[in-house]
Amino acid sequence: MTGPLRPRRPAVRPEDLADGPFPDRGPRLTALDAEITAALTEECAALDEGEHRRWLDLLDPAFRYEIPVPLLREDPELPRHSGTAVLFEATKRVLELKLGRTGLLQAWSDRPAVTTRHFLGPVRVFGTPAPEVVRADANLLVTGARGVEHAVLVTAARQDLLRERRGRRTLLRRRVLIDVEVATHEQLSVIF
């Protein structure tokens, strides 16, 4: 005699990971480190080279971008970033609107354009509850310069979810944990 059947838990869909709490690290997937590093390096290059259309094409339709509020804590055991409050949040559509206007003549505030450089640290890849999604954690240094007096320098931990679909990896979600207590407007205007 067998026991009562337990209801099956529904499989986690990739879209489910684009919302809600950011998923914890699953098992370490060292075999994917080089592949994911290459994909993220190309993604950084598209931003630095001003190829916004190419960068947007790397984003999943369900893409979500977020910068949680940094928290100043005396106790090192407490989280350094809020789990609920964000400084900036955007979808793929919002970023399409933001980046789509930079090439327009009317976008006078974007002239001269900011020159950015992304310096990506070692990438570590982890599993997630959805088999076709991996989590990639890396440290990042971003610089931005416009003219003589305008310069931005910011470091952050970046956590990405990448989805494999039809043999291609797209960014499903990005969480940026900036290393400052009070972010400036210039720092928040950079796409990490």
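For the structure, see preceding data.
What this report covers is the structure whose coordinates are included nearby. (Residues numbered from 1 in each chain as written. Predicted model: local features only at pLDDT ≥ 70, side-chain atom pairs only at ≥ 80, totals over all residues. Heavy atoms only, no water.)

**Here we look at the overall build of the chain**
A tally of regular secondary structure across the chain gives 5 helices and 7 strands. Ordered by position from the N terminus, the helices and strands of the chain form the series α-α-α-β-β-α-β-β-β-β-β-α. For the chain, the residues scored as buried account for 38% of the 192 residues in total. Restricting to contacts in the chain with at least 6 residues of sequence separation, those with at least 24 account for 63%. (Helix = DSSP H or I, 4+ residues; strand = E, 2+ residues; numbered from the N terminus. Buried < 20%, exposed > 50% of the residue type's maximum accessible area, 1.4 Å probe, protein only. Contact = heavy atoms within 4.5 Å.)

**Things to note about the pattern of salt bridges**
Applying the stated rule across the entire model yields 22 salt bridges. Two residues, Arg-54 and Glu-51, come together in a salt bridge whose shortest N-O distance is 2.5 Å. For the salt bridge of Asp-160 with Arg-158, the shortest nitrogen-to-oxygen distance reads 3.2 Å. Take Asp-160: its relative accessible area is 1%, and that puts it in the buried class. One continuous salt-bridge network, built from bridges that share partners, spans Asp-19, Arg-64, Glu-66, Glu-89 and Arg-173. (Salt bridge = Lys/Arg side-chain N within 4 Å of Asp/Glu carboxyl O.)

**Description of the nonpolar core**
Residues Ile-36, Trp-55, Tyr-65, Leu-95 and Phe-192 are the most contacted members of the largest nonpolar core, which totals 30 residues. With 5 residues, the single largest contributor to this core is strand 5 (residues 133-146). In contact with Ile-36, other than residues within four places in its own chain, are Val-123, Val-125, Val-134, Ala-136, Leu-162 and Arg-169. If you look at the next biggest cluster of nonpolar residues, it comprises 7 residues, including Leu-17, Ala-18, Leu-161 and Leu-172. (Core = buried A, V, L, I, M, F, W, Y, C linked by side-chain atoms within 4.5 Å.)

**Description of helix 2 (residues 33-48)**
In this model, helix 2 (16 residues) spans 22 Å end to end at C-alpha, consistent with the 22 Å of a helix rising 1.5 Å per residue. By the burial criterion, the buried members of helix 2 are Asp-33, Ile-36, Leu-40, Glu-43, Cys-44, Ala-45, Ala-46, Leu-47 and Asp-48. Where helix 2 is buried, its residues contact helix 3 (52-57), strand 3 (115-120), strand 4 (124-127), strand 5, strand 6 (150-165) and strand 7 (168-178). Phi turns positive one or two residues past the end of helix 2, at Gly-50, with a value near 70 degrees. (Expected span 1.5 Å × (residues − 1).)

**Quick look at the packing of aromatic side chains**
Overall, the coordinates contain 2 aromatic pairs when judged by the stated rule. Between the aromatic rings of Phe-63 and Tyr-65, the centroid separation amounts to 6.5 Å while the plane-to-plane angle is 45 degrees, which identifies the pairing as tilted. Judged on exposure class, the residue Phe-63 and its partner Tyr-65 are both buried. With a centroid separation of 5.8 Å and an interplanar angle of 75 degrees, the aromatic rings of Tyr-65 and Phe-88 are classed as edge-to-face. Separated by 23 residues along the polypeptide, Tyr-65 in strand 1 (residues 59-70) and Phe-88 in strand 2 (residues 81-91) bring together distant segments of the chain. Given a relative accessible area of 1%, Tyr-65 falls into the buried group. (Phe/Tyr/Trp six-rings, centres within 6.5 Å; stacked < 30°, edge-to-face > 60°.)

**Observations concerning the side chain of Glu-43**
Mapped onto the fold, Glu-43 is located in helix 2. If we ignore the near neighbours within four places in the chain, the residues touching Glu-43 are Trp-55, Leu-58, Arg-158, Leu-171 and Arg-174.

**Comments concerning unusual backbone geometry**
The phi angle at Arg-166 is positive, at roughly 55 degrees, despite the residue not being glycine. Secondary-structure assignment places Arg-166 in the loop between strand 6 and strand 7.

**Quick look at the pairing of strand 7**
Within strand 7, 10 of the 11 residues are buried, leaving the element largely enclosed by the surrounding structure. Inspection of the sheet shows strand 1 paired to strand 7 by 4 bridges, in the parallel sense. Its bridge partner lying in strand 7, Arg-64 is registered against Arg-173. By the bridge criterion, 10 bridges tie strand 6 to strand 7 in an arrangement that is antiparallel. Looking at the pairing, Asp-160 lines up with Arg-174 of strand 7. (Pairing = 2+ DSSP bridges.)

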